[in-house]
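Single-letter residue listing:
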Amino acid sequence: FCPPVCLGGGWPCFVAALMGIALLTTGVSDLAELFGCVLGIPDIITAITFVALGTSMPDLFASLSAATEDPTADASIVNVTGSSSVNVFL
């Protein structure tokens, strides 16, 4: 649930979005921990894998949409280069 942006200058919507992100992050973290426990994978390996997927999947979808919508695919090349640089250097 997210209140309309016109209420309170958008702050209630912002706070509701942050709470939703926190709840989803907690749920994904718990599920990842259970998944690793069931398969006998150490927590650190499970955490690194899910963090890598969580940071790479949005980049994949952004590059995919940029490549399909742009006839020369320049935007997708820039997106891949930029996101890869940020992922490696951060």
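Look up a bit, the structure's there.
Residues numbered from 1 in each chain as written. Predicted model: local features only at pLDDT ≥ 70, side-chain atom pairs only at ≥ 80, totals over all residues. Heavy atoms only, no water.

**With respect to the environment of Thr-55**
Selection criterion: The way it works is that DSSP assigns letters per residue, a run of H or I at least four long becomes a helix, a run of E at least two long becomes a strand, and they are numbered from the N terminus.
Here Thr-55 lies in helix H2 (residues 43-69). Sequence separation between Thr-55 and Ser-83 is 28 residues; the distance between their C-alpha atoms is 9.2 Å.

**Here's the deal with the packing of helix H1 (residues 11-39) against H2**
The condition is simple: For helices, the fitted line uses only the C-alpha atoms of the stretch in contact; every axis is such a line through C-alpha atoms, and the angle between N-to-C directions lies from 0 to 180 degrees. Just so you know how the angles are binned, under 35 degrees is roughly parallel, over 145 roughly antiparallel, 65 to 115 roughly perpendicular, and the rest oblique. Each crossing is labelled by how the near helix is turned from the far one, with a counterclockwise turn of less than a right angle marking it left-handed and a clockwise turn marking it right-handed. Between two residues, a contact is recorded if the distance between any of their heavy atoms is within 4.5 Å. Any residue that is not Ala, Val, Leu, Ile, Met, Phe, Trp, Tyr, Cys, Pro, Asp, Glu, Lys or Arg is counted as polar, Gly included; the first ten are nonpolar and the last four charged.
Packing of H1 against H2 leaves a shortest axis separation of 9 Å and a crossing angle of 130°. Comparing the axis directions of H1 and H2 gives the class oblique. The two elements H1 and H2 cross, and the hand of that crossing is right-handed. Together, Ala-32, Glu-33, Phe-35 and Gly-36 of H1 and Asp-43, Thr-46 and Phe-50 of H2 make up the contact between the two elements. Tallied by class, the residues present in the contact of H1 with H2 amount to 3 nonpolar, 2 polar and 2 charged.

**Comments concerning the packing of aromatic side chains**
The criterion, for reference: Within 6.5 Å between ring centres, the rings of Phe, Tyr and Trp (the latter by its six-membered ring) count as paired, and their orientation is classed by plane angle as stacked under 30 degrees, edge-to-face over 60, tilted in between. A 1.4 Å probe rolled over the protein chains alone gives each residue an accessible area, and that area as a share of the maximum for its type sets the label: buried under 20%, exposed over 50%, partly exposed in between.
Using the criterion set out here, one finds 2 aromatic pairs in the structure. Ring geometry for Trp-11 versus Phe-14: centroids 5.6 Å apart, planes at 90°, classification edge-to-face. Pair noted here: Trp-11 and Phe-14 are both in helix H1, with a separation of 3 residues, about one helical turn. Accessibility expressed as a relative area gives 57% for Trp-11, which makes it exposed. Both rings, one in Phe-35 and one in Phe-50, keep their centres 6.4 Å apart while their planes meet at 80°; by these two values the pair is edge-to-face. Of this pair, Phe-35 sits in helix H1 while Phe-50 is found in helix H2, placing the two residues 15 residues apart along the sequence. The exposure class assigned to Phe-50 is partly exposed, which follows from its relative accessible area of 33%.

None of this, on its own, says anything about what the molecule does.
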